[in-house]
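The lines below spell out each chain.
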Amino acid sequence: MNPQLEGVEKLKGTYPFDVRKSYKARKLNRFLWNLRLPEYRAPFVADEAAACDAAGLSDYEKNLVLKRDWLAMIKYGVPMFLIEKIARVLKITNMQIYAIFRGESYEDFLKTRRVPSAA
Amino acid sequence: MARIIGGIGTSHVPTIGVAYDKKKDNDPAWAPMFKGYVPAARWLAEKKPDVVVIFFNDHASSFFFDLYPTFAVGVAEEFEVADEGAGKRPFPPIKGSFELAAHLAEQLVNDEFDIATFYDHPLDHGVFSPLPLLLPHEPQWPAALLPIMVNVIQHPMPSARRCYKLGQAVKRAIESYPEDLTVAIVGTGGLSHQVHGERAGFNNEEWDQEFLDLFVDDPERILNMKLADLVRLGGAEGAEIIMWMAMRGALPERIRCLHRSYYLATSTPFAVALYEGADEAAKAVAAE
């Protein structure tokens, strides 16, 4: 147990990204990381499944991508900062993803914000 | 001798950059954010530091987890802006403070801070979301940048106390540099927010305001906290305020807050704060 994180498991809805998850999810994470480069973006947009296969993703990992299962990605070991990379390709905002994490519609999530017009 | 003239704390939310690029300074929903930067930008324009040291984190834009440094100092003649997937923002590269950075690396390692060094790693919104609001940049940035990256995205991350000690070591290293350079220290990140899981969207203004109070008057209270405490109080990603603690370590023990603003609109508060050593600030007041 990481001494700095003692007690963090009591927090609901919080999944610290650590070296164990990082290693387990390394292929998926590198795949997402590469999407910040145009030469990886184009083949992904052309054929998502083929791009996943070319990156050697497992069936489980490939499904996370194809089904846009952001919360399951987080639990599996993808940090939000790599979800951001695919979100930019898919033209989805971070705020929209936060709503999905929370199981809320985007409109309902915005109602919980102090200045929704800034979104 | 090089000397530190003050510190700035700032959030580094990517939407700051989006609002800046879309020139939303007159949009009522964004104006308070822009206004918060004005006193810090004015201070920098008046003081004209030769070098800006910035404690920042990369967001898996330039660095990948196959080799992820806990602390890394940028030793390069210039730094590019990273393309984070939405295209590169139109800023000129910023020049590095090469000799001071090399000196810093040598001094830190000799001082038992085994820091990594990097070049050819473009800097992402960890630096470039707040920087254009702090410094002019057309046609060029007026100061050199000395970036120090801190791992705040993959555990194990350094503790608040470790970051503070890094700041102290950075101060010693800067003050041992023979050239007469003035240096401003920027700590980025926070304040309370969480960007993942069902707890995404978490904020805690009460803690944020307490943090900003303790930062000046009783940093030891923050340094005694574990990362788990910071995650509980400020959200998982809110723990990145440890980079403010690195800046705090590089400032004198007694500091004075010259400006403090806080604006929470959607998911992460925009906080800006400006500090000088209490004794220097008192001297400046006496001189007026």
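Before any of the text, the structure's been laid out above.
The text that follows walks through the structure, step by step, so that each part is easy to find.

1. Considering unusual backbone geometry
Then, in step 1: The amide bond that connects B:E138 to the next residue, B:P139, takes the cis arrangement and shows omega of 0°.
Then, in step 2: One can find B:P139 in the loop between α5 (131-134) and β7 (144-150).
Then, in step 3: For the peptide bond that leads from B:H155 to B:P156, omega is 5°, which places it in the cis range.
Then, in step 4: Structurally, B:P156 is set in the loop between β7 and α6 (160-175).
Then, in step 5: Phi at A:R68 takes a positive value of approximately 55°, unusual for a residue other than glycine.
Then, in step 6: Relative to the helices and strands, A:R68 resides in the loop between α5 (59-66) and α6 (70-76).
Then, in step 7: For B:D120, which is not glycine, the phi torsion reads 55° and is therefore positive.
Then, in step 8: For B:D120, a count of 9 C-beta atoms within 10 Å translates into the label exposed.

2. Observations concerning the pairing of strand β1 (residues 3-10) of chain B
Residues and elements named next belong to chain B.
Then, in step 1: Within β1, six of the eight residues are buried, leaving the element largely enclosed by the surrounding structure.
Then, in step 2: By the bridge criterion, seven bridges tie β1 to strand β8 (residues 182-188) in an arrangement that is parallel. Directly across from R3, in β8, lies its bridge partner T182.
Then, in step 3: Strand direction decides the pairing type here: β1 and strand β10 (residues 270-277), joined by four bridges, are antiparallel. The residue bridging I8 from the neighbouring strand is L274, located in β10.

3. Focus on the packing of α6(B) against helix α10 (residues 242-249) of chain B
Residues and elements named next belong to chain B.
Then, in step 1: Closest axis-to-axis distance for the α6/α10 pair is 6 Å, and the angle between their directions is 35°. α10 is crossed by α6, and the crossing has right-handed handedness. Between α6, through A160, C163, Y164, K165, L166, G167, Q168 and K171, and α10, the contact on the second element is made entirely by I242, M243, M245, A246, M247, R248 and G249.
Then, in step 2: A breakdown of the residues in the contact of α6 with α10 according to their chemical character gives nine nonpolar, three polar and three charged.

4. A closer look at the environment of B:P136
Then, in step 1: Its location among the elements puts B:P136 in the loop between α5 and β7.
Then, in step 2: Sequence separation between B:P136 and B:A45 is 91 residues; the distance between their C-alpha atoms is 8.7 Å.

5. Comments concerning the pairing of β7(B)
Residue and element names in this part refer to chain B.
Then, in step 1: The buried count for β7 comes to seven of seven residues, which makes it a mostly enclosed element.
Then, in step 2: Here β7 shows no split at all, with A144, L146, I148 and V150 on one side and L145, P147 and M149 on the other all buried.
Then, in step 3: Strand direction decides the pairing type here: strand β2 (residues 51-56) and β7, joined by six bridges, are parallel. Its bridge partner being in β7, V53 is matched across the sheet by L146.

6. A closer look at the interface of chain A and chain B
Then, in step 1: Facing 43 residues of chain A, the contacting portion of chain B comprises 33 residues.
Then, in step 2: Residue assignment for the side of chain A that touches chain B shows that the elements contributing at least two residues are α1 (19-24), α2 (26-34), α7 (80-90) and α8 (94-102) of chain A.
Then, in step 3: Considering only residue class, the side of chain A that touches chain B consists of 22 nonpolar, 11 polar and 10 charged.

7. Some thoughts on the sheet that holds strand β9 (residues 255-263) of chain B
All names here are of chain B.
Then, in step 1: Across the sheet, which stays open at both edges, the eight strands sit in the order β6-β3-β7-β2-β8-β1-β10-β9 with mixed pairing between neighbours. This sheet does not close on itself; its edge strands, each paired only once, are β6 (116-118) and β9. Each strand axis lies, on average, 20° off the axis of its neighbour in the sheet, ignoring direction.
Then, in step 2: Two elements, strand β3 (residues 71-74) and β6, share three bridges in a ladder whose sense is parallel. Along β6, the bridge assignment pairs G74 with F118.
Then, in step 3: Contacts from helix α2 (residues 31-47) reach β1, β8, β9 and β10 within the one sheet, and its direction differs from that of β10 by about 25°.
Then, in step 4: Where helix α3 (residues 98-110) meets the sheet, its contacts fall on β2, β3, β6 and β7, and the angle it forms with β3 comes to roughly 150°.

Conventions and cut-offs
Residues numbered from 1 in each chain as written. Chains lettered and ligands numbered in written order. Predicted model: local features only at pLDDT ≥ 70, side-chain atom pairs only at ≥ 80, totals over all residues. Helix = DSSP H or I, 4+ residues; strand = E, 2+ residues; numbered from the N terminus. Buried ≥ 20, exposed ≤ 12 C-beta atoms within 10 Å, placed from the backbone. Pairing = 2+ DSSP bridges. Axes fitted to C-alpha atoms, helices over the stretch in contact; angles between N-to-C directions. Left-handed = near helix turned anticlockwise from the far one by under 90°. Contact = placed C-beta atoms within 7 Å. Nonpolar A, V, L, I, M, F, W, Y, C, P; charged D, E, K, R; others polar.

No statement about biological role is implied by the geometric values presented.
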